[in-house]
Structures are given as structure tokens and as C-alpha cells.
Amino acid sequence: MKRLLIAALSCLMAMAMALPALAGPTLMMATTTSTANTGLLDELIVPKFLKDTGIEIKYVAVGTGKALKMAENCDVDVVLVHAPAAEKVYVDKGVLVDRKELMYNDFVIIGPASDPAGVKGMQVAEALKTIAEKKAVFASRGDNSGTHKKELSLWKAAGMAVPEKDAWYIQTGQGMLPTINIANEKNGYTMTDRGTYIKYADTKGGNPPLVVLVEGDKVLFNQYSALAVNTEKCKDAQYDLATKFINWMASPDTQKAIGNFKLLGKKLFIPNAK
């Protein structure tokens, strides 16, 4: 019995030692909260990439600013983000390479159906000026995310300073869904990407308390791109895996799957890889 026990233990130890060798490669990714909040990653991208390539994706969903900083700190191999101007800064610094545009949606300004500031149907600049004039509550993410960066640029484009010291302007420092919920609690407005809004509407049974009031302005276009971490800056970055992921995301099969990913019968992202 003693010999059988020793043999069994030896077998278990050998199996345990072999497990790491059997495990496949893992790609580390930093991405924006919208790709996670919408379910795109967990329901489509992560399982499909593993099935198609044998490569596991481990990701952190944060604001785009933090995602880009993680790349600079050599914490990840690839980023999937949506702030073109900020991305260019990191490409120019040599931190990121091989930028590939993959999909888009648009930003929208949402608020109560009662629309207390009366901004429905306005262009973005007019809507922001009206919200400020009427001191209607506006919830900003305030987290250096791609959405926050876009919002700041829109105040500037409207010829206004960001009203960060005004009581009606609330900086949540949180992700998009929590910020939407805070806007709802305050009977106020916020700006979100459409994909996350559709997810929010889905969680409310298709009848959300906050509705889309401002949309369609060309400045609200929202491009998502993937970029690989440069091995010249981060020697341990897995450039080969990052390249596989970027090319896979741009492939016709994956692009079709992204286009078919819907909630409430609506597309959350529109593929546009070239």
C-alpha cells in the first residue's frame, strides 16, 4: 500500500508539473470599458480568439488614458482603445506600433425623457451651451477615458471652458455605466458611446429612464483601434501575439461577427477594418 501511495503521489506531481507546459500562450491586453461593458469581449472576442488560435486573452478594462499608460509601463502586449489623438501621442513616442482601425460607433448625449434643458435634436455645441446656461446637471466621467477626452474636446469646440468648478457639472471618476446611473439619479445628462447605451437600455428591459437626445453630429464619430506594444520600448512584450490578434480582429470572419453582435436588435459596433 505504501508503494502504491508513493507511486500515486509521484504520478500526481508529474501531472501538476506538466500542466504549465500544456497551457497555451496568453495575450495581455488593456482596453476601454465599453468593449467590456457591452459584452463584446466576454461573449464574442475572447472565446472566439481562443477557439480560432489557441491563444488566451487576459484583459483589463479601464479608461483609454489608463490603457495607454499600461502600454507605456510595459504591463500589456496590445491595446484596444478609442482616442485617436491620444493614440498618436503614444505612437510618436515609440510606445505603440501597427495601429489598425477595426470598428466604430458614435457618441450620444442622453438625458431624462422630460429633457429639462430642452436640448433634444440640437447639434452638440448648441446642446452643451444650453445645458450650461440652464445649469442642468451633467455627469462627466472625469477619468481620462476616451469618452472623457472626447467630451472635453466638445466643450472646447463649443467655445467654452470645461465647467469643472460648477456645481451642476459632476465628475464621477467612474466608468460609463456607473456614470449613466449617477446622471439618472440626478435627473441629468451625460455623454456615452452608443454601444454602452444599448447595453444600458438592455439592462432596463429596453425601456431606459435616460434616452438619446443629441445624436448624428459628425463630431460624435467614435473609432476603435488596436495597437501593439513596441518591443524596442518593452523587450518582453509579445509582439507576435499582438500582431496575430490585430490581424485576426481585421479578418473578414471576425469583422462579420462584430457586425452581427447585437442587443435589442441593434449593432453595438460597426466593423470598418481596411
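Up top is the structure.
These lines cover the structure that appears in this document, whether it is placed above or below.

Analysis parameters
- Residues numbered from 1 in each chain as written.
- Predicted model: local features only at pLDDT ≥ 70, side-chain atom pairs only at ≥ 80, totals over all residues.
- Heavy atoms only, no water.
- Phe/Tyr/Trp six-rings, centres within 6.5 Å; stacked < 30°, edge-to-face > 60°.
- Helix = DSSP H or I, 4+ residues; strand = E, 2+ residues; numbered from the N terminus.
- Buried < 20%, exposed > 50% of the residue type's maximum accessible area, 1.4 Å probe, protein only.
- Contact = heavy atoms within 4.5 Å.
- Salt bridge = Lys/Arg side-chain N within 4 Å of Asp/Glu carboxyl O.
- Pairing = 2+ DSSP bridges.
- Polar contact = N/O pair within 3.5 Å; in protein donor to acceptor, adjacent residues only side chain to side chain.
- Core = buried A, V, L, I, M, F, W, Y, C linked by side-chain atoms within 4.5 Å.
- Axes fitted to C-alpha atoms, helices over the stretch in contact; angles between N-to-C directions.
- Parallel < 35°, antiparallel > 145°, perpendicular 65-115°, else oblique.
- Nonpolar A, V, L, I, M, F, W, Y, C, P; charged D, E, K, R; others polar.

This part takes up the packing of aromatic side chains. All told, the structure shown has 11 aromatic pairs when counted by the stated rule. Both rings, one in W155 and one in Y169, keep their centres 6.0 Å apart while their planes meet at 80°; by these two values the pair is edge-to-face. With a gap of 14 residues between them, W155 in helix α7 (residues 146-157) and Y169 in strand β6 (residues 169-171) connect regions that are remote in the sequence. By relative accessible area, which is 4% here, Y169 ends up buried. When the centroid spacing of 5.9 Å and the interplanar angle of 50° are considered together, the rings of Y197 and Y200 count as tilted. Within this pair, Y197 and its partner Y200 are both found in helix α9 (residues 194-203), separated by three residues, close to a single helical turn. Like Y197, the residue Y200 is buried in the burial classification. One aromatic cluster in this structure is built from F138, W155, W168 and Y169.

Attention now goes to helix α6 (residues 124-133). Every buried residue belonging to α6 is among V124, A127, L128, T130, I131 and A132, and all of these are buried. Positive phi shows up at K135, right after α6, with a value of about 50°.

Along the chain, the position of P47 falls in helix α3 (residues 40-53). Sequence-wise, P47 and I57 are 10 residues apart; in three dimensions their C-alpha atoms are separated by 8.6 Å. Those residues in contact with P47 that lie beyond four places of it in its chain are L41 and D42.

Enumeration according to the criterion identifies 11 salt bridges in this entry. The shortest N-O distance in the salt bridge between D106 and R194 comes to 2.7 Å. Within this pair, whereas D106 is found in strand β4 (residues 96-112), its partner R194 is found in helix α9, the two being separated by 88 residues in sequence. Judged by its relative accessible area of 17%, D106 falls in the buried class. R141 is the salt-bridge partner of D143, the closest N and O atoms lying 2.9 Å from each other. If you follow the salt bridges from partner to partner, you end up with K48, D52 and D253 in one network.

Attention now moves to the pairing of strand β3 (residues 78-81). Along any regular strand the residues' side chains alternate between the sheet's two faces. Both faces of β3 are covered, namely the face carrying V78 and L80 and the face carrying V79 and V81. Relative to β3, strand β1 (residues 26-32) runs parallel, the two sharing three bridges. Directly across from A30, in β3, lies its bridge partner V79. Alignment of β3 against strand β9 (residues 221-229), held across four bridges, turns out to be antiparallel. Bridge pairing in β9 links V78 to A228.

Our focus in this paragraph is the side chain of T38. If you trace the backbone, T38 turns up in the loop between α2 (33-37) and α3. One polar contact links the side chain of T38 to the main-chain amide nitrogen of L40, over a distance of 3.4 Å. Discounting residues that sit within four places of it in the chain, T38 has contacts with G195, T196, K199, F261, L263, L268 and F269.

Ranked by internal contacts, the top residues of the largest apolar core, which has 30 residues, are L27, I45, I57, F245 and M249. Counting only elements with at least two residues in this core, the list comes to β1, α3, β3, β4, β9, α10 (239-250) and α11 (252-259). What L27 contacts, discounting residues up to four positions off in sequence, is F49, I55, E56, I57, K58, D77, V78, Q238, L241, A242 and F245. Counting residues in hydrophobic clusters, the runner-up holds 21 residues, among them V124, F138, L213 and V214.

α10 packs onto α3 with a crossing angle of 110° between their chain directions and a minimal axis gap of 11 Å. In terms of axis orientation, α3 runs roughly perpendicular to α10. For the pair α3 and α10, contact is made by I45, K48, F49, D52 and T53 and by K244, F245, W248 and M249, respectively. Grouping the constituent residues of the contact of α3 with α10 by class yields five nonpolar, one polar and three charged.

On to the pairing of β9, then. Burial within β9 is extensive, with eight of its nine residues counted as buried. As judged from the eight bridges shared by β4 and β9, these two strands associate in the antiparallel manner. Its bridge partner lying in β9, Y104 is registered against Q223.

Another point: unusual backbone geometry. If you check the backbone angles, C74 has positive phi at about 65° while not being a glycine. Structurally, C74 can be placed in the loop between α4 (64-72) and β3. The phi torsion at N144 lies on the positive side, around 65°, for a residue other than glycine. With respect to the helices, strands and loops of the structure, N144 is situated in the loop between β5 (138-140) and α7.

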